Amino acid sequence: MKKSTLKILFLAVLTIVSSSIYAQNKMQYRPLGKTGMQISEIGIGCSCFEKLSAEQSMAFMDSCIKYGVNYVDIYDSNPLTRDNLGNSLKGRRDKMNIQGHIGVCWKDGQYKRTRDLAEAQAGFEDLLTRLHTDHIEVGMIHIADDIEDWNVIKNGDIMKYAQQLKKEGKIQHIGLSSHNAVVALEAVRSGLIEVLMFSVNPAFDLLPGDANIWKTPIGEGQQNIDSIRALLYNTCAQMGVGITVMKAFNGGRLLDEKKSPIHVALTESQCIQYGLDRPAVASILAGAGNVEELMADLHYINATPAEKDYSVVFSKTGFWKNQCIYCGHCAPCPAGIDIDKVNKLLDQAEVEGNVTPEMQKEYDALQHKASECFGCGACESRCPFAVSVREKMKKAAKTFEKR
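Everything numeric here is computed off the predicted structure, so don't read it as measured data. (Residues numbered from 1 in each chain as written. Predicted model: local features only at pLDDT ≥ 70, side-chain atom pairs only at ≥ 80, totals over all residues. Heavy atoms only, no water.)

### Quick look at the overall build of the chain
Turning to step 1, where the next piece is worked out: In terms of helices and strands, the chain carries 17 helices and 12 strands.
Turning to step 2, where the next piece is worked out: For 403 residues, the compact-globule estimate of 2.2 N^0.38 gives 22 Å, and the C-alpha radius of gyration of the chain, at 23 Å, lies within 12% of that figure.
Turning to step 3, where the next piece is worked out: Restricting to contacts in the chain with at least 6 residues of sequence separation, those with at least 24 account for 72%.
Turning to step 4, where the next piece is worked out: As displayed, the chain has an accessible area near 18,300 Å², and 53% of this comes from carbon and sulfur atoms.
Turning to step 5, where the next piece is worked out: Separation between the mean location of the 46 positive side-chain charges and that of the 48 negative ones in the chain comes to 5 Å. (Helix = DSSP H or I, 4+ residues; strand = E, 2+ residues; numbered from the N terminus. Rg over C-alpha atoms; globule rule 2.2 N^0.38 Å. Contact = heavy atoms within 4.5 Å. Areas by Shrake-Rupley, 256 points an atom, 1.4 Å probe, with all protein chains shown as cover. Lys, Arg positive; Asp, Glu negative; His and termini not counted. Charge placed at Lys NZ, Arg CZ, Asp CG, Glu CD.)

Laid out in structure tokens, this is it:
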């Protein structure tokens, strides 16, 4: 065979291999609860557009679309932020799902959160105008962090306005943003929202559900994921409420060992993976101030499993002992049991206090059940958090295989 022919064959094989590798390393998409939307695992927030020029905003959006980002959150009422985002989406609005906020306005030259109907209406109409669109996909009622405020929202003009907007087609789905797990849980259980924007990261998950996330230090005795937060995530999964994640990096603190509340530094990819491993989470709205920071977030797409593995770092902290965080180190199971899935369902049942029909259906669909565990202990030898996996399998069998 001629060298030229060999060279052609080699290049053809290389092209096929390269294409295969590229196909494996592309943005993944998840269902946003029961909305019917498929959104990118990494989304973005748009507050940076206030600081970027029109050209920089365009370059930022170019990168987002190039790498498959199809979901953006815009809470900022600053006209410049909105103009830059709107202009960057001209001619390609169909490439991006927009999560815009209801209950914000621009007053006296600054952002304002509001429950005044007239202000909320003016703020939302301004958003549509500046984004050059007649609708957005998710209308996110802006920040409810205490029960009194939530009661005002659900029984008042703001919720009625959101429902009117949905009826008119100006929003497709109603959401709520919150940093308080107790409030968020009430909102989800009300059945009034379809999407929850919530602050999810390993530091916040250690705090009590009603804590002020910015002022409450992680203390002794708070060693595992707070039960209210776990209940919130599981309830969202059961009710089909999709979660979009804010504060995934804790304002950058989790990326800096000296500032990190858990006393170790994580990478962007590890923070993103942690959030995506929580039940019901569809997308991490990664913070980025420029294209370079955006690319650091998007590295997750091509990151190796080792680069995404947060459990190695967690095991150095003293937190999460005997707590399954669904990191996957227990796999593979010789009996073929999907231990992560079984543990998630068991945790859902325990925090909820009962097995719902949805949980039972998911469990019944598993190819291998917990009762098939023959107690080899291989999973426990690999677990970084000393989880008693065999005991959990026994509990799961009793919980889901009573019949």
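Still to come is the rest of the account.
### Let's talk about the packing of aromatic side chains
Turning to step 1, where the next piece is worked out: Counted by the stated rule, this structure contains 8 aromatic pairs.
Turning to step 2, where the next piece is worked out: Residues tyrosine 75 and tyrosine 111 carry aromatic rings whose centres are separated by 5.8 Å and whose planes lie at 85° to one another, so their mutual orientation is edge-to-face. Pair noted here: tyrosine 75 is in the loop between β4 (71–74) and α3 (79–88) and tyrosine 111 is in strand β7 (residues 110–113), with a separation of 36 residues, a long-range link.
Turning to step 3, where the next piece is worked out: For tyrosine 75, a relative accessible area of 33% puts it in the partly exposed group.
Turning to step 4, where the next piece is worked out: Centre to centre, the rings of phenylalanine 198 and tyrosine 233 are 6.3 Å apart; their planes meet at 70°, and the pair counts as edge-to-face. With a gap of 35 residues between them, phenylalanine 198 in strand β10 (residues 195–199) and tyrosine 233 in helix α9 (residues 227–239) connect regions that are remote in the sequence. One exposure class covers both phenylalanine 198 and tyrosine 233, and it is buried.
Turning to step 5, where the next piece is worked out: Cluster of aromatic residues (ring-pair linked, three or more members): Tyr274, Tyr310 and Phe314.
Turning to step 6, where the next piece is worked out: Sitting over the face of the ring of tyrosine 274, arginine 278 holds its NZ or CZ atom 4.0 Å from the ring centroid.
Turning to step 7, where the next piece is worked out: Over the face of the ring belonging to tyrosine 300 we find lysine 308, whose NZ or CZ atom lies 4.1 Å from the ring centre. (Phe/Tyr/Trp six-rings, centres within 6.5 Å; stacked < 30°, edge-to-face > 60°. Buried < 20%, exposed > 50% of the residue type's maximum accessible area, 1.4 Å probe, protein only. Lys NZ or Arg CZ within 6 Å of the ring centre and 35° of its normal.)

### A look at the pattern of salt bridges
Any two side chains of opposite charge can pair, on the condition that their charged atoms come close.
Turning to step 1, where the next piece is worked out: Enumeration according to the criterion identifies 16 salt bridges in this entry.
Turning to step 2, where the next piece is worked out: Between aspartate 347 and lysine 392 there is a salt bridge; the shortest N-O distance is 3.2 Å. Remark: lysine 392 occurs in helix α17 (residues 389–400) and aspartate 347 occurs in helix α14 (residues 339–352); sequence separation between them is 45 residues. For the pair formed by aspartate 347 and lysine 392, the shared burial category is buried. (Salt bridge = Lys/Arg side-chain N within 4 Å of Asp/Glu carboxyl O.)

### Topic: the nonpolar core
Turning to step 1, where the next piece is worked out: Grouped together as the largest cluster of nonpolar side chains are 110 residues, with contacts concentrated most on Leu232 and Ile262.
Turning to step 2, where the next piece is worked out: A total of 6 residues in this core trace back to one element, the largest contributor, which is helix α7 (residues 181–190).
Turning to step 3, where the next piece is worked out: Setting aside anything within four residues of it in sequence, one finds leucine 232 in contact with Ala181, Ala184, Leu185, Val188, Leu196 and Phe198.
Turning to step 4, where the next piece is worked out: Core analysis: the next-biggest nonpolar cluster, separate from the first, contains 11 residues, Ile39, Met197, Ala282 and Leu285 among them. (Core = buried A, V, L, I, M, F, W, Y, C linked by side-chain atoms within 4.5 Å.)

### What to know about the side chain of threonine 235
Turning to step 1, where the next piece is worked out: Tracing the backbone through its elements, the reader meets threonine 235 in helix α9.
Turning to step 2, where the next piece is worked out: Excluding residues that lie within four positions of it along the chain, threonine 235 makes contacts with Leu185, Val188, Arg189 and Glu352.

### Some words on the sheet that holds β10
Turning to step 1, where the next piece is worked out: Pairing is parallel in the closed barrel, where 8 strands are placed in the order β3-β4-β5-β8-β9-β10-β11-β12. In this sheet, neighbouring strand axes are inclined to one another by 30° on average, regardless of whether the strands run parallel or antiparallel.
Turning to step 2, where the next piece is worked out: With 5 bridges joining them, strand β8 (residues 136–141) and strand β9 (residues 171–178) adopt parallel strand pairing. When the bridges of β9 are listed, valine 138 appears paired with histidine 173.
Turning to step 3, where the next piece is worked out: Seen against the sheet, helix α4 (residues 117–130) touches β4, β5 (97–102), β8 and β9 and runs at an angle of roughly 155° to β5. (Pairing = 2+ DSSP bridges. Axes fitted to C-alpha atoms, helices over the stretch in contact; angles between N-to-C directions.)

### So, helix α5 (residues 147–155)
Turning to step 1, where the next piece is worked out: Where α5 is concerned, the buried positions are Asp149, Trp150 and Ile153. Seen end-on, α5 carries its buried residues on one side only, within an arc spanning 100°. Of the exposed residues in α5, those oriented more than 90 degrees away from the buried face are Glu148 and Asn155.
Turning to step 2, where the next piece is worked out: In this structure, the buried side of α5 is in contact with β7, β8, α6 (157–168), β9 and α7.
Turning to step 3, where the next piece is worked out: Where α5 begins, the side chain of aspartate 146 points an oxygen toward the backbone nitrogen of glutamate 148, at a separation of 3.2 Å. (Arc of directions from axis to C-beta. Polar contact = N/O pair within 3.5 Å; in protein donor to acceptor, adjacent residues only side chain to side chain.)

### Concerning the packing of α7 against α9
Turning to step 1, where the next piece is worked out: Packing of α7 against α9 leaves a shortest axis separation of 9 Å and a crossing angle of 20°. Judged by the inter-axis angle, α7 sits roughly parallel to α9. α7 and α9 meet at a crossing whose hand is left-handed. For the pair α7 and α9, the contacting residues are Ala181, Val182, Ala184, Leu185, Val188 and Arg189 in the first and Ile228, Arg229, Leu231, Leu232, Thr235, Cys236 and Met239 in the second.
Turning to step 2, where the next piece is worked out: Taken together, the residues that form the contact of α7 with α9 break down as 10 nonpolar, 1 polar and 2 charged. (Parallel < 35°, antiparallel > 145°, perpendicular 65-115°, else oblique. Left-handed = near helix turned anticlockwise from the far one by under 90°. Nonpolar A, V, L, I, M, F, W, Y, C, P; charged D, E, K, R; others polar.)

### Details of the confidence of the model for the chain
Turning to step 1, where the next piece is worked out: Taken over all residues, the pLDDT of the chain has a mean of 90, while the share at 70 or more is 93%.
Turning to step 2, where the next piece is worked out: With pLDDT under 50 throughout, residues 6–23 is counted as low confidence; its partners more than four residues away or in other chains account for 2 contacts. (pLDDT = per-residue confidence, 0-100.)

### A few points about the pairing of strand β6 (residues 104–107)
Turning to step 1, where the next piece is worked out: Across 4 bridges, the pairing between β6 and β7 is antiparallel. In the sheet register, tryptophan 106 faces β7, and the bridge partner there is tyrosine 111.
Turning to step 2, where the next piece is worked out: Linking β6 to β7, which pair antiparallel, is a turn of 2 residues; within it aspartate 108 sits at a positive phi near 55°.

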